[in-house]
Amino acid sequence: MKRELIKFICFSLFVMLMPSFFKGGYLMNVLVFVGINTMLAIALNLLLGYAGQISLGHAGFFGLGAYLSGIMTVTYGWNPWQAMPVAAIAVGCLAYLIGFPILKLKGHYLAMATLGIGIIIYIVFNETYDLTGGPSGLSGIPNLELGGIVFDTDVKNYYLIWTFTLAVVLFSINLANSRVGRALRAVHDSEVAARVVGVNARLLKVQVFALSAVLSSLAGSLYAHTMTFISPASFGFNFSVELLTMVVIGGLGSVYGSFLGAALLTLLPEFLRSANDYDIIIYGGLLVIMVMFMPGGLVRGIPDLFKKVFKTKGGADHA
Amino acid sequence: MLRLKNINTYYGKVHALKNISLHLGQGEIVTLIGANGAGKTTILNTISGVTPASAGEILFNKEPVSALQPDRIVKLGISQVPEGRQVFKPLSVEDNLELGAYLRYRSREWKATIHKDMKQVFELFPRLEERRKQLAGTMSGGEQQMLAIGRALMANPKLLLLDEPSMGLAPLVVQEIFRVLERLRQESGTTILLVEQNAKAALKLADRGYVLETGKVILEGAADELMENAEVKRAYLGKDKKEMWER
């Protein structure tokens with residue numbers, strides 16, 4: 001546990017010192033997205049990497065958080081700080097209700113069911129024009145405000161988002177190392193064995209699904225209040241797949257892996273922009289190579305790579 | 001202690017258990033023998049609530065338990081060692097054992113008692129103590145079986161359901177495991193229901209036995225009587241094969 005704490009403190013320092021290297025600029029904006037995506041990837045990883053249940057509809061929960069927050073503040077004039085928790089609770093309850101029937105399904109069938117839920121939510125965003133503004137989106141969402149500070153610049157937003165993200169990281173690490181975390185991994189490995197040691201697998205799966213949805217909704221609300229404009233296009237099937245890719249590339253069942261995956265998949269397109277039309281090919285190619293050569297994800301693949309490099313150079317004392 | 005009355009269990013449309021009735025007394029070791037598909041595993045899964053019965057009654061210490069979820073049944077004192085061991089492979093030996101005590105965490109003194117129980121498991125299976133930090137999936141089959149039994153014991157069961165503990169193990173390891181079962185009965189009075197393919201070893205250990213065929217009990221009796229029974233000998237002990245062919 002002590003080692004986990006030191007790791008977390010190092011990570012927090014790294015995150016908090018980041019902006020001093022950039023002094024604003026476009027990259028800061030991208031790093032805000034890295035924070036939001038990290039939160040989402042961790043949320044999905046709790047479900048996929050720990051409990052072993054797939055979801056192809058998480059963009060839907062992300063969107064619900066954003067839209068609920070947006071509608072409550074824009075249309076009904078709520079304070080964003082009130083809207084965020086209300087949205088999160090509402091999305092959590094919804095996921096809980098959906099979870100009971102669909103988490104009885106396994107593997108491909110669960111993938112299909114969650115895919116369907118994601119698509120339904122997406123259609124609702126598009127079609128309920130009066131409420132959501134339809135395909136043209138919802139604008140004028142207020143920024144968050146705390147003690148007279150309005151979070152309206154990239155640097156301010158960076159600290160805001162990453163404070164939340166770090167809280168989610170800390171929470172998830174604690175959860176993963178607790179009795180519940182062990183039970184989740186037990187359900188993942190063998191549901192029958194988990195049940196015969198007394199884990200109520202069905203309930204636990206629904207609970208982690210709801211928790212994952214709550215964290216996604218929180219990320220969605222933060223997204224809405226930092227962007228001030230949302231449209232359905234950000235919450236479609238593509239984004240669900242992107243989240244899944246982040247979790248797998250980063251490393252299943254690792255909180256810091258989710259950060260690496262989210263950081264890579266968010267930053268890579270920005271760096272590849274200079275390759276013009278070839279960017280998508282390079283991007284795809286890199287993903288294939290990483291999955292082939294780092295099947296455990298970046299979080300396990302990078303240290304292995306270091307070990308290999310140092311060994312071939314004769315530095316055998318490294319590992 | 002445990003009584004099954006006219007239990008019927010279905011897998012979809014397949015009628016797996018047909019009017020099974022059996023009973024276990026306090027401190028008894030009872031074995032279920034029978035060929036593949038006879039319904040031995042299904043009986044254990046029905047008792048533990050994993051595949052609930054569609055008709056019939058199960059009484060545990062005179063309390064009906066057939067409608068309960070598996071976690072409630074574990075709480076009452078019935079632990080199952082599932083078929084094929086099913087240890088949690090990516091977790092360490094210690095984590096596996098702690099999960100065995102999953103339902104006992106909430107009480108206040110859990111840390112001390114669980115530590116004490118883990119010591120007891122290590123005493124029964126010293127090999128597990130040597131490997132307490134090792135991942136369960138990297139251990140040999142015999143060690144995994146020991147871990148699976150140890151994990152079930154961590155729930156402090158009054159009744160232990162064992163599903164083919166000898167499966168795929170070397171005879172010496174099987175002997176070691178059976179010796180531990182004997183010891184458990186003597187030292188802590190644990191009642192044991194043992195499902196086995198290895199009928200000879202099972203009947204040697206058990207007090208009584210039931211012989212199953214296609215979901216029905218076809219024979220029951222004291223273990224030594226069953227061992228002498230001509231039909232059991234022919235079908236499950238592999239004796240007198242020649243005579244049967246010559247007939």
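Here is what the cut-offs are and how they apply
Residues numbered from 1 in each chain as written. Chains lettered and ligands numbered in written order. Predicted model: local features only at pLDDT ≥ 70, side-chain atom pairs only at ≥ 80, totals over all residues. Contact = placed C-beta atoms within 7 Å. Helix = DSSP H or I, 4+ residues; strand = E, 2+ residues; numbered from the N terminus. Nonpolar A, V, L, I, M, F, W, Y, C, P; charged D, E, K, R; others polar. Pairing = 2+ DSSP bridges. Axes fitted to C-alpha atoms, helices over the stretch in contact; angles between N-to-C directions. Buried ≥ 20, exposed ≤ 12 C-beta atoms within 10 Å, placed from the backbone. pLDDT = per-residue confidence, 0-100. Expected span 1.5 Å × (residues − 1). Parallel < 35°, antiparallel > 145°, perpendicular 65-115°, else oblique. Left-handed = near helix turned anticlockwise from the far one by under 90°.

Which residues make up the interface of chain B and chain A, and what values do they have?
For an interface, size is often stated in terms of accessible area lost upon the parts coming together. The partner chain A presents 15 residues to the 23 residues of chain B that form the contact. Broken down by secondary-structure element, the contributors of at least two residues to the side of chain B that touches chain A are helix H2 (70-76) and helix H3 (93-100) of chain B. Residues that form the side of chain B that touches chain A fall into these classes: 12 nonpolar, five polar and six charged.

So what's going on with the sheet that holds strand S4 (residues 55-60) of chain B? Residues and values would help.
Residues and elements named next belong to chain B. Ordered in space as S2-S1-S4-S5, the four strands form an open sheet in which the pairing is antiparallel. On the outer flanks of this sheet lie strand S2 (14-24) and strand S5 (63-64), each paired with one strand and no other. Both S4 and S5 contribute to a ladder of two bridges, which runs antiparallel. When the sheet's bridge partners are listed, Leu 59 is paired in S5 with Pro 64. Lying over the sheet, helix H1 (residues 40-48) contacts strand S1 (2-11), S2 and S4, oriented at roughly 70° with respect to S2.

Summarise helix H8 (residues 179-189) of chain A; cite the residues concerned and give the values.
Counting buried positions along H8 of chain A yields eight of 11 residues, so the element is predominantly enclosed. Here the buried face of H8 of chain A lies against helix H2 (26-50), helix H7 (154-176), helix H9 (191-196) and helix H10 (201-227) of chain A together with H3 of chain B.

Could you give an account of the confidence of the model for chain B, naming the residues involved and the relevant values?
Within chain B, residue pLDDT values average 90, and 96% of them lie at 70 or more. For this predicted complex, the interface score ipTM comes out at 0.85, alongside a pTM of 0.89.

Residues and numbers for the sheet that holds strand S10 (residues 216-222) of chain B, please.
Residues and elements named next belong to chain B. In spatial order, the strands read S6-S7-S8-S3-S9-S10; together these six strands make up an open sheet with mixed pairing. Each edge of the open sheet carries a strand with a single partner, namely strand S6 (78-81) and S10. Each strand of the sheet is rotated relative to its neighbour by a mean of 15°, with strand direction disregarded. Inspection of the sheet shows strand S7 (residues 159-163) paired to strand S8 (residues 191-196) by five bridges, in the parallel sense. By the bridge assignment for S8, Asp 163 is matched with Val 195. Helix H6 (residues 141-153) rests against S6 and S7 of the sheet, and its axis sits at about 170° to S6.

Report on helix H12 (residues 255-271) of chain A, specifying residues and quantitative values.
Here H12 of chain A spans 24 Å end to end across 17 residues, near enough to the 24 Å set by a 1.5 Å rise per residue. Taken together, the buried positions of H12 of chain A are occupied by Val 255, Gly 257, Ser 258, Phe 259, Leu 260, Gly 261, Ala 262, Ala 263, Leu 265 and Thr 266 of chain A.

I'd like to hear about the pairing of S4 of chain B, residue by residue, with values.
Residues and elements named next belong to chain B. Pairing geometry for S1 and S4, over five bridges, is antiparallel. Looking across to S4, one finds that Lys 5 is bridged to Glu 57. Between the end of S4 and the start of S5, which pair antiparallel, lie two residues, with Asn 61 showing a positive phi angle near 50°.

Give me the packing of helix H11 (residues 237-250) of chain A against H12 of chain A: which residues, what numbers.
Residues and elements named next belong to chain A. Their axes nearest at 7 Å, the elements H11 and H12 cross at an angle of 125°. Relative to H12, the element H11 is oriented oblique. Of the two elements, H11 crosses H12, and the hand of that crossing is right-handed. For the pair H11 and H12, the contacting residues are Glu 242, Thr 245, Met 246, Val 247, Ile 249 and Gly 250 in the first and Gly 257, Ser 258, Phe 259, Leu 260, Gly 261, Ala 262, Leu 264 and Leu 265 in the second.

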